[in-house]
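An overview of the molecular structure
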Amino acid sequence: MFGRQRRTQPVRRACRAQKTPDTDGGLLMQSLHLLSLLLQYPSKDLQSVAGEIRQRLHLDKALPADAVAELDPLLTRLATSDIYEAQENYVELFDRGRAHSLHLFEHVHGESRDRGQAMVDLRERYLAAGLEPTGNELPDYLPLFLDYCSTLPEEAARDMLAEPGVVLVALAARLAEKQSDYAPLFALLCDIADVEMNEDAMNAIPPADDPEDLEALDAQWEEEEIRFGAEAAPDPNAACPKVGEMLDRMRDPAAPQTPVRS
């Protein structure tokens, strides 16, 4: 899908630094599931297990301790804040416009027809892994994608998470700019995926405007005209070629990968 950049390169490192081996029966995979829970719509059930999530994340030696510690403000707020306030903040942050959307393909395809085929391809990947997506969420919903990654062997999970790496980097940067306590969670995902959080990666997908009012929000979500044939106008918000290549890899893991140049 997308690739991760190490802290000195615009994309994922060719030679990855040695990660701490997961010697505790797949703790990292469990942690991906726990992180997916933290990214879901806040509920009283989530509040009740926030302390246990904190404890389990701190016990995972495959995760950098300093990065896990930076999740403490988010975990504390989710556990102690009024549930309706937590839900309102979540909607305001993730559902108000596209800038911080948790639907991965939205950052690449927007609402174009291409997104539909990408959804089908990703769902087929879930089904091939023995997962049957339930509920109303689309396949590119990040918590669902993290749950899928949590079913894979550690190395495969890191590689899979790296595919939407540039989206994760962009979201981490945008949330940090807003001083959101969700930002460290995305930074941790980037670390797990081994993607470089540098300026090139942050700018690899087109910026999305934050609407200032309901009218602007409606205008942003209005579906653009769909054209067919050679005269179809290019989408000014289309992803750059680098992102397009990564997206192709996500949709078709068997497709040959173009070498990345720094």
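Residues numbered from 1 in each chain as written. Predicted model: local features only at pLDDT ≥ 70, side-chain atom pairs only at ≥ 80, totals over all residues. Heavy atoms only, no water.

Description of the overall build of the protein chain
Within the protein chain one finds 14 helices and zero strands. For the protein chain, the proportion of contacts with a sequence separation of at least 24, taken over those separated by at least 6, is 72%. Surface summary for the protein chain: the accessible area is close to 13400 Å², and the carbon and sulfur share equals 50%. (Helix = DSSP H or I, 4+ residues; strand = E, 2+ residues; numbered from the N terminus. Contact = heavy atoms within 4.5 Å. Areas by Shrake-Rupley, 256 points an atom, 1.4 Å probe, with all protein chains shown as cover.)

Considering the packing of helix H2 (residues 44-59) against helix H4 (residues 72-80)
Between H2 and H4, whose axes approach to 8 Å, the crossing angle comes to 160 degrees. In terms of axis orientation, H2 runs roughly antiparallel to H4. For the pair H2 and H4, the crossing hand works out as left-handed. From H2, Leu46, Gln47, Ala50, Ile53, Arg54 and His58 reach across to H4, where they touch Asp72, Leu75, Thr76, Leu78 and Ala79. For the contact of H2 with H4, a count of residues per class yields six nonpolar, three polar and two charged. (Axes fitted to C-alpha atoms, helices over the stretch in contact; angles between N-to-C directions. Parallel < 35°, antiparallel > 145°, perpendicular 65-115°, else oblique. Left-handed = near helix turned anticlockwise from the far one by under 90°. Nonpolar A, V, L, I, M, F, W, Y, C, P; charged D, E, K, R; others polar.)

Considering the nonpolar core
Leu39, Leu142, Leu161, Phe186 and Leu189 are the most contacted members of the largest nonpolar core, which totals 58 residues. Among all residues touching leucine 142, those that are not within four sequence positions of it are Leu39, Leu102, Leu104, Leu168, Phe186 and Leu189. (Core = buried A, V, L, I, M, F, W, Y, C linked by side-chain atoms within 4.5 Å. Buried < 20%, exposed > 50% of the residue type's maximum accessible area, 1.4 Å probe, protein only.)

Focus on helix H8 (residues 142-149)
Most of H8 sits out of view: six of its eight residues are buried. Of all the residues in H8, the buried ones are Leu142, Pro143, Phe145, Leu146, Tyr148 and Cys149.

A closer look at the pattern of salt bridges
Taken as a whole and judged by the stated rule, the model has six salt bridges. In this structure, aspartate 72 engages arginine 54 in a salt bridge whose closest nitrogen and oxygen atoms are separated by 3.1 Å. Here arginine 54 lies in helix H2 and aspartate 72 lies in helix H4, a separation of 18 residues in the sequence. A relative accessible area of 23% means that aspartate 72 is categorised as partly exposed. Of the charged contacts in the structure, one is a salt bridge between glutamate 163 and arginine 125, with a shortest N-O distance of 3.3 Å. Of this pair, glutamate 163 sits in the loop between helix H9 (154-162) and helix H10 (165-177) while arginine 125 is found in helix H7 (residues 113-128), placing the two residues 38 residues apart along the sequence. The exposure class assigned to glutamate 163 is buried, which follows from its relative accessible area of 12%. For arginine 125, a relative accessible area of 8% gives the class buried. (Salt bridge = Lys/Arg side-chain N within 4 Å of Asp/Glu carboxyl O.)

So, the packing of aromatic side chains
Tallying each qualifying case throughout the model produces six aromatic pairs. Judged by centre distance (6.4 Å) and plane angle (70 degrees), the ring pair of tyrosine 90 and tyrosine 182 falls under edge-to-face. Residue tyrosine 90 is located in helix H5 (residues 83-95), and its partner tyrosine 182 is located in the loop between H10 and helix H11 (183-193); the two are separated by 92 residues in the primary sequence. Note on accessibility: tyrosine 90 and tyrosine 182 belong to one class, buried. By way of ring pairs, the aromatic residues Tyr41, Tyr90, Phe94 and Tyr182 are connected into one cluster. (Phe/Tyr/Trp six-rings, centres within 6.5 Å; stacked < 30°, edge-to-face > 60°.)

Examining the confidence of the model for the protein chain
The predicted coordinates of low-pLDDT regions are not to be read in fine detail. Residues at a pLDDT of 70 or more form 64% of the protein chain, whose mean pLDDT is 75. Ranking the elements of the protein chain by mean pLDDT puts helix H14 (residues 241-251) last, at 42, and H4 first, at 97. Counting interchain partners and residues more than four positions distant, the pLDDT-below-50 stretch residues 1-25 has 98 contacts. Long-range and interchain partners of residues 253-262, a stretch whose pLDDT sits below 50, account for seven contacts in this model, where long-range means more than four residues apart. (pLDDT = per-residue confidence, 0-100.)

With respect to H2
Since one α-helical turn is 3.6 residues long, residues separated by three or four positions face the same way. For H2, spanning 16 residues, the distance from its first C-alpha to its last is 24 Å, which sits close to the expected 22 Å at 1.5 Å a residue. When the local axis directions of H2 are compared, the greatest deviation, roughly 45 degrees, occurs at alanine 50. In the core, the buried residues of H2 are packed alongside helix H1 (27-38), helix H3 (65-69), H4 and H5. (Expected span 1.5 Å × (residues − 1). Bend = angle between axes of the 7 residues up to and from the residue.)

Remarks on the side chain of glutamine 87
Note on placement: glutamine 87 falls in helix H5. Within the structure, the side chain of glutamine 87 is placed 3.4 Å from the side chain of tyrosine 41, a separation counted as a polar contact. (Polar contact = N/O pair within 3.5 Å; in protein donor to acceptor, adjacent residues only side chain to side chain.)

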